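Observations on chain architecture
One-letter residues, chain by chain:
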Amino acid sequence: MAVARHWRNQDQRYNLAGTHCKVCGGHFFPKTSMCPTCHRRSMGKLERFQFSGNGTISSYTIIHDGMPQYSSQVPYVIAYIDLEEGDHIIGQIVDCEPSEVEIGKGVEMVFRKLSEEGRSGTIQYGFKFRLTM
Amino acid sequence: MGKLARDVAVIGVGQTRFGEHWNLTFRELGIEAGFRAMEDAGISSSRIEALYTGTMSSGLFLNQEHVSAMIAEVVGLTENQIPATRIEAAGASGGLAFHQAILDVASGLHDIVVVGGAEKMSDVVSNVATEFVASGADQAWEGLFGATMPSLFALMARKHMHDHGTTKEHLAHVAVKNHVHGAKNPLAQFQREITMDMAVNAAMVADPLGMYDCAPSSDGSASLVLCDMKTAKELSDNPIRVAGTGQGSDSLSLANREEITSMRSTVAASRRAYEMAGVGPGDIKVAEVHDSYTISEIIAIEDLGFFKKGDGGFATERGETALNSTITVNPSGGLKARGHPLGATGIAQINELVIQLRGDAGDRQVKDANIGLAHNIGGTGGTAVVNILEVV
Ligand SMILES: [Zn+2]
């Protein structure tokens, strides 16, 4: 993977920056250049929006057979998270035992190293989540 | 709208056995299935006017793109410089190649075409295959964060369990049933039955999905001959008609969907195919559905309308999807037991329906099979293709 491909997404991966549509009020992650609800009416009416990073676990899985660049981290937890301001995100749950993770529990974003050097030859950083209770 | 301009039928099918073919190249797999299909149709390659090939990832697995020309060359079709096209939609590549070929023949552009699907996965080690398969999901917002393809289906499974009371045992029933069917299919990768205990207690891949909840990596190829109905009746005693075909899309990433226990792409594709065919879910006797994971089959039989939302696991436990029950689901063994060479899967599904509708399925024959449905998805359902076939 080319380095520029990662650099381009840094604001989203580091700051949880998404998009706010001033027409319908919706919040979207990742960034979008057109509101999925308002379509053309959203042209020129979209602004950068920083999500709080707070959300709720809607589903999760404990991965035992991981991606090559994550193989040293197994077992690790991936969750489907409902973000407080709307939309969903997929991210890792860290700083707890996998057995503590449950549907309905609250989470907050943390900034971490994502993975070891993969095929891109670079180490990636970005958001993960931890339980709030 | 919603109709084909002329009737289209399948007149020949061919498949390699699916599995680990250490001694066979991608080219050789393609040749074997292609020649079997032409032999089954009783035609020579000089009659073929166009070629469609479904392949997900020859670039990653073999460092070889442009396999449409390669296949045309090896099956001897470059002499007439016929159009050769590759179609890619992850695991739905084969079903979508079939869909595109239907549109070609129905348009009147060509009368006789060959549609193939092929994948060679065993040349890379398993965690590299895991990474390549994940390229059918969203690499920037799922894969980079460590999500594998099985883990995305595990998210659907856990949510389905939470919302609908589906159990780990329900998932296991899907695998056990498909292995019973696969044991009756001489071209299946796994021709042996498994026990509930093996399925429930297998090593975890992505909790709650264990090893027996996941279709294997496979090498293999499947091919068929498709033509307009007039030509079909001249060439064949038992052409199988395409009654309906439908395609649907959804977001690449699971996180961009409101609902992860149902696939809108499947619902839309099946609605389009049912409407074209003028039939409903209750008319289907036999279905080949995309059980890349056991939860995928449960979600599919709900989205296709065979069972109501949330009842898929319970219906499977009641035995309603077993051979010659309410509706026979995956008599071939499905992706789980027949094997899942990505691009070849969608064509193998069509071939199984053709064999069933001809009444040639032997020990796994569905009684009075006169109409069948095939359901093929790519990734986590970013693409779905549904085809309905019937006896003429
Ligand atoms: Zn909007």
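Predicted model only: the values in this text are computed from it and were never measured.

With respect to the pairing of strand β6 (residues 88–94) of chain A
Residues and elements named next belong to chain A.
- β6 sits mainly inside the fold: 7 of its 7 residues count as buried.
- As judged from the 6 bridges shared by strand β5 (residues 76–83) and β6, these two strands associate in the antiparallel manner. Within β6, the position partnered with Ala-79 by the bridge is Gly-91.
- Counting the residues in the hairpin turn of β5 and β6 gives 4 residues, including Gly-86, whose phi is positive at 115 degrees.

Observations concerning the interface of chain A and chain B
- Contacts between the two partners involve 33 residues from chain A and, on the opposite side, 33 residues from chain B.
- Summing both partners gives a buried area of about 3,000 Å² for chain A against chain B, and 64% of it is carried by carbon and sulfur.
- Our enumeration of links across chain A and chain B arrives at 0 salt bridges.
- At the boundary of chain A with chain B, the tally comes to 13 residue pairs in polar contact (both at pLDDT 80 or more).
- Of all the elements in the fold, those that place two or more residues in the side of chain A that touches chain B are α2 (10–15), β4 (55–63), β5, β6 and β8 (124–131) of chain A.
- Among the elements that take part in the side of chain A that touches chain B, β4(A) stands out by supplying 6 residues, more than any other.
- For β4(A) and strand β5 (residues 204–207) of chain B, the ladder comprises 2 bridges, and the chain directions are antiparallel. Counted as the bridge partner of Ile63(A) is Ala206(B) from β5(B).

Looking at the layout of surface pockets
All names here are of chain B.
- Here the largest pocket is characterised by a volume of approximately 870 Å³.
- Lining the largest pocket are 38 residues, with Thr-130, Cys-214, Ala-215, Pro-216 and Ser-217 sitting closest to its centre.
- Listed by contribution, the elements that provide at least two residues to the lining of the largest pocket are α5 (126–134), α6 (149–164) and β11 (371–378).
- With 4 residues, the single largest contributor to the lining of the largest pocket is α5.
- By residue class, the composition of the lining of the largest pocket is 21 nonpolar, 13 polar and 4 charged.
- Residue assignment places the lining of the largest pocket across two domains, with domain 1 (8–124 + 218–240) and domain 2 (133–215 + 243–391) each supplying three or more.

Some points on the sheet that holds strand β3 (residues 46–50) of chain A
- Judged by pairing direction, the sheet is antiparallel, and its 3 strands sit side by side in the order β2-β1-β3 (chain A) without closing on themselves. Only two strands of the sheet have a single neighbouring strand rather than two, namely β2 (27–28) and β3 of chain A.

Some details on the coordination of the zinc ion
Residues and elements named next belong to chain A.
- The zinc ion binds to the protein through Cys-21 (SG), Cys-24 (SG), Cys-35 (SG) and Cys-38 (SG), with metal-donor distances spanning 2.2 to 2.3 Å.
- Relative to the metal, the 4 donor atoms surrounding the zinc ion lie at angles of 107 to 113 degrees, and the coordination shape comes out tetrahedral.
- Overall, Cys-24 belongs to the partly exposed group, its relative accessible area being 40%.

Thoughts on the nonpolar core
- Judged by nonpolar contacts, the single largest core of 86 residues is most densely connected at Ile90(A), Ile93(A), Phe153(B), Ile284(B), Phe306(B) and Ile388(B).
- In terms of residue count, the dominant contributor to this core is α6(B) (8 residues).
- In this structure, this core is formed jointly by two domains, domain 1 (8–124 + 218–240) and domain 2 (133–215 + 243–391) of chain B, each of which donates at least three residues.
- Every residue in contact with Ile284(B), bar those within four places of it in the chain, is listed here: Tyr274(B), Phe306(B), Ile327(B), Ile371(B), Gly372(B), Leu373(B) and Ile388(B).
- Ranked by size, the runner-up nonpolar core spans 36 residues in total, among them Phe18(B), Ala97(B), Phe98(B) and Val242(B).

Side note on the domain arrangement of chain B
Residue and element names in this part refer to chain B.
- In terms of domain boundaries, chain B breaks down into domain 1 (8–124 + 218–240) and domain 2 (133–215 + 243–391).
- If you average the C-alpha positions of domain 1 and of domain 2, the two centres end up 23 Å apart.
- Facing the 44 residues of domain 1 at the interface are 38 residues of domain 2.
- Summing both sides of the interface, domain 1 and domain 2 together bury roughly 3,100 Å²; the carbon and sulfur share of this comes to 66%.
- Looking only at domain 1, the three residues that lose the most surface to domain 2 are Arg-17, Phe-18 and Ile-240, adding up to 22% of its buried area.
- Remark: the boundary between domain 1 and domain 2 carries 1 salt bridge.
- Linking Arg-358 and Asp-40 is a salt bridge whose minimum nitrogen-to-oxygen distance equals 3.0 Å.
- For the pair domain 1 and domain 2, the interface holds 15 residue pairs in polar contact (both at pLDDT 80 or more).
- Going through the elements one at a time, β1 (8–15), α1 (26–41), α2 (58–62), α4 (93–107), β4 (112–120) and β7 (219–228) are the ones with two or more residues in the side of domain 1 that touches domain 2.
- Of the residues forming the side of domain 1 that touches domain 2, the biggest block, 8 residues, is contributed by α4.
- Tallied by class, the residues present in the side of domain 1 that touches domain 2 amount to 19 nonpolar, 20 polar and 5 charged.

About the criteria used
All residue numbers refer to position in the chain's written sequence, counted from 1. Here every chain gets a letter starting at A, and every ligand a number starting at 1, in the order they are written. In keeping with the predicted nature of the model, local features appear solely for residues at pLDDT of at least 70, side-chain atom pairs appear and are counted solely at 80 or more, and the whole-chain, interface and lining totals rest on all residues. Remark: hydrogens and water are excluded; side-chain values derive from all non-hydrogen atoms of the structure. A 1.4 Å probe rolled over the protein chains alone gives each residue an accessible area, and that area as a share of the maximum for its type sets the label: buried under 20%, exposed over 50%, partly exposed in between. Helix and strand assignments follow DSSP, with helices taken as H or I runs no shorter than four residues and strands as E runs no shorter than two, numbered in order from the N terminus. Strand pairing follows a simple DSSP-based rule, namely that at least 2 bridges must link the two strands. Throughout, a contact is declared for two residues whenever any of their heavy atoms are within 4.5 Å. By buried area we mean how much accessible surface two parts lose on assembly, using a 1.4 Å probe and totalling the loss over both. A carboxyl oxygen of Asp or Glu within 4 Å of a side-chain nitrogen of Lys or Arg is what we treat as a salt bridge. Identification of polar contacts relies on pairs of N or O atoms within 3.5 Å, with a donor-acceptor requirement for protein atoms, meaning one able to donate a hydrogen and the other able to accept it, and with residues adjacent in sequence counted only if both atoms are side-chain atoms. Points on a 1 Å grid, built from protein atoms alone, make a cavity when a 1.4 Å probe fits but cannot get out and make a pocket when they are open with protein on both sides within 12 Å along at least 5 of 7 lines; residues with an atom within 4 Å of a point are the lining residues. Grid points are joined across faces, edges and corners, and a volume is the space filled by probe spheres set on the points. We call Asp, Glu, Lys and Arg charged. Ala, Val, Leu, Ile, Met, Phe, Trp, Tyr, Cys and Pro are nonpolar, and the rest, Gly among them, are polar. For the domain bounds, the source is a domain assignment made automatically or taken from a database. Each metal's donors are the N, O and S atoms within 2.8 Å of it, or within 3.2 Å when it is Na, K or Ca, and because water is not part of the set, sites may look incomplete. Every angle between 85 and 135 degrees makes a four-donor site tetrahedral, while opposite donors more than 155 degrees apart, with all other angles between 65 and 115, make a four-donor site square planar and a six-donor site octahedral; other sites are irregular. By convention a nonpolar core is built from buried Ala, Val, Leu, Ile, Met, Phe, Trp, Tyr and Cys residues, the set being connected through side-chain atoms within 4.5 Å.

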